[in-house]
Amino acid sequence: MFNIFGTDGIRNKANVGYITPENVMKLAISVVNYYKSINHKSVNNKFTVVIGKDTRLSGYMLEPALTAGFVAAGANVDLLGPIPTPGVAFMTRSLRADLGVVISASHNPYYDNGIKFFNSSGFKISQKDELEISEMFNSKQVLSSSENMGKARRIEDAAGRYVEFVKSSFPKNLSLSGLKIVVDTANGAAYKIAPQIFWELGAEIIKIGDNPNGININQDCGATHTEALQKYVLENKADMGIALDGDADRLIVVDELGKVVDGDYIIAAIAKDWKESGKLKGNNIVATTMSNLAMEKYLNSISLNLIRSDVGDKYVLQKMIEIGANIGGEKSGHIIPIDFSTTGDGCVSALQILAYIKKSGTKTSDIRKMYTPYPQIMKNIPRILDLNDPKIVSLINEVENILKDKGRIIIRKSGTEPITRIMIESENEKLIDEVFVCMQNIC
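These figures come from a predicted structure and were not determined experimentally.

**Considering the overall build of the protein chain**
At step 1: Across its full length, the protein chain holds 13 helices and 18 strands.
At step 2: Here the C-alpha radius of gyration of the protein chain, 22 Å, is about what a compact globule of 443 residues would show, namely 22 Å.
At step 3: Projected onto its principal axes, the C-alpha positions of the protein chain cover 70 × 60 × 40 Å.
At step 4: The proportion of buried residues among the 443 residues of the protein chain is 55%.
At step 5: Of all intrachain contacts in the protein chain linking residues separated by at least 6 positions in sequence, the fraction that spans at least 24 positions is 71%.
At step 6: As displayed, the protein chain has an accessible area near 18700 Å², and 49% of this comes from carbon and sulfur atoms.
At step 7: In the protein chain, the 51 positive side-chain charges and the 51 negative ones have mean positions that sit 3 Å from each other.

Right, dumping it as structure tokens:
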């Protein structure tokens with residue numbers, strides 16, 4: 001079936017493929033046509049869309065193109081300006097809109113861009129919706145009559161509304177006073193919002209990566225490049241460093257010793273805190289197949305279960321909803337505190353970690369003492385492997401016999417590139433070396 005969507009919305013280099021003004025305008029019309037075709041009802045019987053974006057130069061091109069398409073198809077548009085992806089999900093619910101649209105390529109360089117959609121409940125639209133919209137895109141576009149075209153308006157206080165929402169996730173009896181925090185916003189969507197949140201809650205703030213110019217988003221900064229943040233934390237003797245990515249749906253923490261605290265540790269710390277405070281729903285935590293085995297064993301030691309999903313925050317969310325878990329995420333920093341946010345939310349997740357530190361009186365580095373991660377080796381094969389090939393199946397079985405219950409091997413196709421990713425993990429480094437030699441037949 002024809003599908004213009006990838007693993008997380010529609011992405012490409014700006015002005016290439018579906019990420020051109022002509023195509024995104026066509027996409028917007030297709031979206032409205034699709035929802036009209038299923039008799040979608042909305043406030044005042046007028047389909048309403050909210051649009052948020054990050055700080056990429058191409059956002060100036062894509063935002064008006066999408067707006068033109070939505071208005072031409074008869075939808076009203078609320079423009080939020082630069083705002084984190086979870087802020088769009090929140091505002092979609094808050095404004096009782098029918099659809100939320102994010103213009104962002106997340107942690108990718110400035111020359112990429114993308115478009116993803118949230119439904120009226122603030123969750124990413126279903127694969128069925130994506131396929132139906134793709135079919136509409138490939139068919140004749142239906143425009144509104146002149147008198148029924150939509151209108152566009154700018155929501156001037158969108159950022160302020162989101163700031164107050166995020167602050168509400170922090171316990172009212174706590175303050176961040178006495179903490180010095182370096183905040184790296186990756187020159188992205190949260191460049192004003194994130195520092196404001198932590199400052200208003202009482203912390204002393206040092207800002208980096210907060211001067212976007214359209215082409216420096218994620219460039220040597222943010223959650224995927226923490227070197228500058230680590231340096232600033234040490235130089236300023238800060239208690240913590242907070243790194244977001246370009247659309248602020250990802251969080252990586254740096255402790256006072258300049259060491260990285262990844263998503264696995266963040267999930268474990270929040271789960272422990274919520275369990276102790278009675279906020280945790282059930283005993284199940286969701287993470288992906290890539291999360292460290294040592295983290296799973298730590299959670300088991302405090303009577304919690306780790307339920308694994310496929311890689312990708314949408315799969316984490318699906319599993320969380322399926323089993324009723326209220327915290328989950330990825331090692332890469334997509335943390336979903338579903339009681340507050342319907343998608344990964346770097347700012348809300350950071351406040352949960354800060355609440356844990358303030359309540360327990362611990363240092364950020366104490367989080368890394370929860371467990372010692374098992375060594376992992378990652379390898380990318382520059383082609384898509386046939387995982388049903390008898391030779392590969394036999395090799396995988398051989399490797400699993402070597403590891404037994406002392407480690408894991410994960411082989412998966414990339415969702416974004418024509419490569420196969422291999423991860424080998426074991427508490428015994430000698431076993432990893434032995435397995436890696438075995439895997440040379442594939443590599």
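**Description of the layout of surface pockets**
At step 1: If you add up the space inside the second largest pocket, you get close to 350 Å³.
At step 2: Lining the second largest pocket are 19 residues, with Lys124, Ile125, Ser126, Lys314 and Gln318 sitting closest to its centre.
At step 3: Going through the elements one at a time, strand 5 (112-119), helix 4 (127-137) and helix 10 (313-323) are the ones with two or more residues in the lining of the second largest pocket.
At step 4: At five residues, the largest contribution of residues to the lining of the second largest pocket is made by helix 10.
At step 5: Looking at the lining of the second largest pocket residue by residue, the classes come out as seven nonpolar, seven polar and five charged.

**Side note on empty space enclosed by the protein**
Over the atoms, a rolling probe the size of a water molecule traces out where space has been left empty.
At step 1: On inspection of all chains with the given rule, the structure shows one cavity of 30 Å³ or more.
At step 2: Approximately 40 Å³ is the volume found for the largest cavity.
At step 3: Ranked by the residues each element gives to the lining of the largest cavity, the list is headed by helix 10, at three residues.
At step 4: Split into classes, the residues belonging to the lining of the largest cavity amount to three nonpolar, two polar and three charged.

**Structural notes on a nonpolar patch on the surface**
At step 1: A contiguous nonpolar patch, built from Leu57, Tyr60, Tyr110, Tyr111 and Ile215 and spanning about 530 Å² of accessible area, is present on the exposed surface.
At step 2: Looking at where Tyr60 falls in the secondary structure, it is placed in helix 2 (residues 59-72).

**Focus: the sheet that holds strand 11 (residues 260-261)**
At step 1: The strand order across the open sheet formed by five strands is 8-7-9-10-11, and the pairing between neighbours is mixed. Of all strands in the sheet, those with a lone pairing partner are strand 8 (204-208) and strand 11, marking the two edges.
At step 2: Packed onto the sheet, helix 7 (residues 227-235) meets strand 7 (180-184), strand 8, strand 9 (240-244), strand 10 (251-255) and strand 11 and runs at close to 160 degrees relative to strand 9.
At step 3: In the packing of helix 11 (residues 346-360) onto the sheet, the strands contacted are strand 7, strand 9 and strand 10, and the crossing angle to strand 9 comes to about 160 degrees.

**Observations regarding the packing of aromatic side chains**
At step 1: Taken as a whole, this structure holds eleven aromatic pairs when the rule is applied.
At step 2: With a centroid separation of 5.5 Å and an interplanar angle of 70 degrees, the aromatic rings of Tyr110 and Tyr111 are classed as edge-to-face.
At step 3: On the basis of relative accessible area, Tyr110 is assigned to the partly exposed category, the value being 34%.
At step 4: Between the aromatic rings of Trp274 and Phe340, the centroid separation amounts to 6.4 Å while the plane-to-plane angle is 65 degrees, which identifies the pairing as edge-to-face. With Trp274 in helix 8 (residues 263-277) and Phe340 in the loop between strand 15 (335-336) and helix 11, this residue pair connects regions lying 66 residues apart in the sequence.
At step 5: These aromatic residues form a ring-pair network of at least three members: Tyr34, Tyr35 and Phe47.
At step 6: A cation sits over an aromatic face here: Lys26 above Phe137, 4.5 Å from the ring centre.
At step 7: We note Lys53 situated over the ring of Tyr60; from NZ or CZ to the ring centre the distance is 4.5 Å.

**A look at the side chain of Lys53**
At step 1: Within the fold, Lys53 resides in strand 2 (residues 48-53).
At step 2: In this structure Lys53 comes out as buried when scored by relative accessible area, which is 8%.
At step 3: Ignoring any residue separated from it by four or fewer positions in sequence, one finds Lys53 in contact with Gly59, Tyr60, Glu63, Gly81, Pro82, Ile83, Ile103 and Ala189.

**Concerning helix 13 (residues 429-439)**
Because the α-helix completes a turn every 3.6 residues, residues three or four places apart line up on one side.
At step 1: For helix 13, the full list of buried residues reads Leu431, Ile432, Val435, Cys438 and Met439. Along helix 13, the residues classed as buried sweep out an arc of 120 degrees about the axis, all on the same side. The outward face of helix 13, more than 90 degrees from its buried face, is lined by the exposed residues Glu429, Lys430 and Val437.
At step 2: If you follow the buried residues of helix 13, they end up packed against strand 16 (376-381), helix 12 (390-403), strand 17 (407-413) and strand 18 (420-426).
At step 3: Capping the start of helix 13, Asn428 holds a side-chain oxygen 2.9 Å from the backbone nitrogen of Lys430, two or three residues further along.

**Here's the deal with the environment of Lys26**
At step 1: By the secondary structure assignment, Lys26 is in helix 1 (residues 21-37).
At step 2: A relative accessible area of 28% means that Lys26 is categorised as partly exposed.
At step 3: Counting along the chain gives 116 residues from Lys26 to Val142, while the straight-line C-alpha distance between them is 10.0 Å.
At step 4: Beyond its immediate chain neighbours, meaning those up to four positions away, Lys26 contacts Phe137 and Gln141.

Criteria and cut-off values
Residues numbered from 1 in each chain as written. Predicted model: local features only at pLDDT ≥ 70, side-chain atom pairs only at ≥ 80, totals over all residues. Heavy atoms only, no water. Helix = DSSP H or I, 4+ residues; strand = E, 2+ residues; numbered from the N terminus. Rg over C-alpha atoms; globule rule 2.2 N^0.38 Å. Buried < 20%, exposed > 50% of the residue type's maximum accessible area, 1.4 Å probe, protein only. Contact = heavy atoms within 4.5 Å. Areas by Shrake-Rupley, 256 points an atom, 1.4 Å probe, with all protein chains shown as cover. Lys, Arg positive; Asp, Glu negative; His and termini not counted. Charge placed at Lys NZ, Arg CZ, Asp CG, Glu CD. 1 Å grid on protein atoms, 1.4 Å probe; cavity = no way out; pocket = protein on both sides within 12 Å on 5 of 7 lines; lining within 4 Å. Points joined across faces, edges and corners; volume = space filled by probe spheres on them. Nonpolar A, V, L, I, M, F, W, Y, C, P; charged D, E, K, R; others polar. Patch = residues over 30% accessible without salt bridge, like charges linked within 9 Å, V, L, I, M, F, W, Y side chains within 5 Å. Salt bridge = Lys/Arg side-chain N within 4 Å of Asp/Glu carboxyl O. Pairing = 2+ DSSP bridges. Axes fitted to C-alpha atoms, helices over the stretch in contact; angles between N-to-C directions. Phe/Tyr/Trp six-rings, centres within 6.5 Å; stacked < 30°, edge-to-face > 60°. Lys NZ or Arg CZ within 6 Å of the ring centre and 35° of its normal. Arc of directions from axis to C-beta. Polar contact = N/O pair within 3.5 Å; in protein donor to acceptor, adjacent residues only side chain to side chain.

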